[in-house]
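Tertiary structure, described
Residues per chain are reported as follows:
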Amino acid sequence: MRTAVLISGRGSNLKSLIAASADPTFPAEIVLVVSNVETAGGLQIARDAGIATKIIPHKPFPSREAFDAEIDRALRDASVQLVCEAGFMRIHSAWFAKQWEGRILNIHPSLLPKFPGVRVHEQVLAAGETESGATVHFLTAELDSGPIVAQRKVPVLPGDTPETLAARVLAVEHELYPEAVRMVVEGIAAPS
Ligand code: GRF
């Protein structure tokens, strides 16, 4: 399945997806990486892996829809069939979510539906949670609330800071995202 990854930053989840796709049994091939941030570290990870990259800064576009239309064009030009968002820090228009419904995934560093949005680990610690984790879900027009594909838990430990908790969650994200992609492409998980 021809797959694109959308990023805005460091790209460690992108890196784990690229590593997974080196396995000949992995059913997705990453053919394009799109970033709205020119300096995103993930762009170099993609280049090093020989994957095509496209930078589409959001600022010049007059609206969310116009920006999304450009992303949509890039995805279609590359005959993309599946989209994985991995640290892509823009909220999409309802139009874009509808275009890619059932074919676009996102990873979020909490046990959704708990703690959507940003500053997740701070919120988890402030709430006194004893566990947290990561979620891969189908992207819908409503932020961080589409059908869940897979989740993995981690403990919250005494003395955790947002940074230590983030690192523990990130380690499971790197296992979870490739597994979730496999489940979706192989038809084990579908949006209901
Ligand atoms: C991850 O924690 C992901 O769950 C969230 O943004 C972060 C991206 O990290 N949506 P990276 O760029 O994949 O390293």
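Relevant structure appears above.
For the rest of this paragraph, the subject is the sheet that holds strand E2 (residues 29-35). The strand order E3-E2-E1-E4-E5-E6-E7 describes an open sheet built from 7 strands, whose pairing is mixed. Looking along the sheet, the strands with just one partner apiece sit at the ends: strand E3 (52-55) and strand E7 (148-155). Across the sheet, the mean angle separating the axes of adjacent strands is 20° when strand polarity is ignored. Lying on the sheet, helix H2 (residues 41-48) is in contact with strand E1 (2-7), E2 and E3; it crosses E3 at an angle near 155°.

Using the criterion set out here, one finds 11 salt bridges in the structure. One salt bridge in this structure joins Arg119 and Glu122, with 3.1 Å as the shortest N-O distance. Overall, the relative accessible area of 30% leaves Glu122 in the partly exposed class.

Turning next to the packing of helix H1 (residues 12-21) against H2. In contact at an axis separation of 9 Å, H1 and H2 are set at 15° when each is read in the N-to-C sense. The pairing of H1 with H2 is recorded here as roughly parallel in orientation. In this structure, H1 crosses over H2, and the sense of that crossing is right-handed. Two secondary-structure elements touch here, H1 through Leu14, Lys15 and Ile18 and H2 through Gly42, Ile45 and Ala46. Within the contact of H1 with H2, the residues separate by chemical class into 4 nonpolar, 1 polar and 1 charged.

To continue, consider the packing of aromatic side chains. Applying the stated criterion across every chain, the model contains 2 aromatic pairs. An angle of 55° between the planes, with centres 5.8 Å apart, marks the rings of Phe61 and Phe67 as tilted. Assessed through its relative accessible area of 24%, Phe61 is described here as partly exposed. Taking relative accessible area as the criterion, Phe67 reaches 4% and is therefore assigned buried.

The rules behind these values
- Residues numbered from 1 in each chain as written.
- Predicted model: local features only at pLDDT ≥ 70, side-chain atom pairs only at ≥ 80, totals over all residues.
- Heavy atoms only, no water.
- Pairing = 2+ DSSP bridges.
- Helix = DSSP H or I, 4+ residues; strand = E, 2+ residues; numbered from the N terminus.
- Axes fitted to C-alpha atoms, helices over the stretch in contact; angles between N-to-C directions.
- Contact = heavy atoms within 4.5 Å.
- Salt bridge = Lys/Arg side-chain N within 4 Å of Asp/Glu carboxyl O.
- Buried < 20%, exposed > 50% of the residue type's maximum accessible area, 1.4 Å probe, protein only.
- Parallel < 35°, antiparallel > 145°, perpendicular 65-115°, else oblique.
- Left-handed = near helix turned anticlockwise from the far one by under 90°.
- Nonpolar A, V, L, I, M, F, W, Y, C, P; charged D, E, K, R; others polar.
- Phe/Tyr/Trp six-rings, centres within 6.5 Å; stacked < 30°, edge-to-face > 60°.

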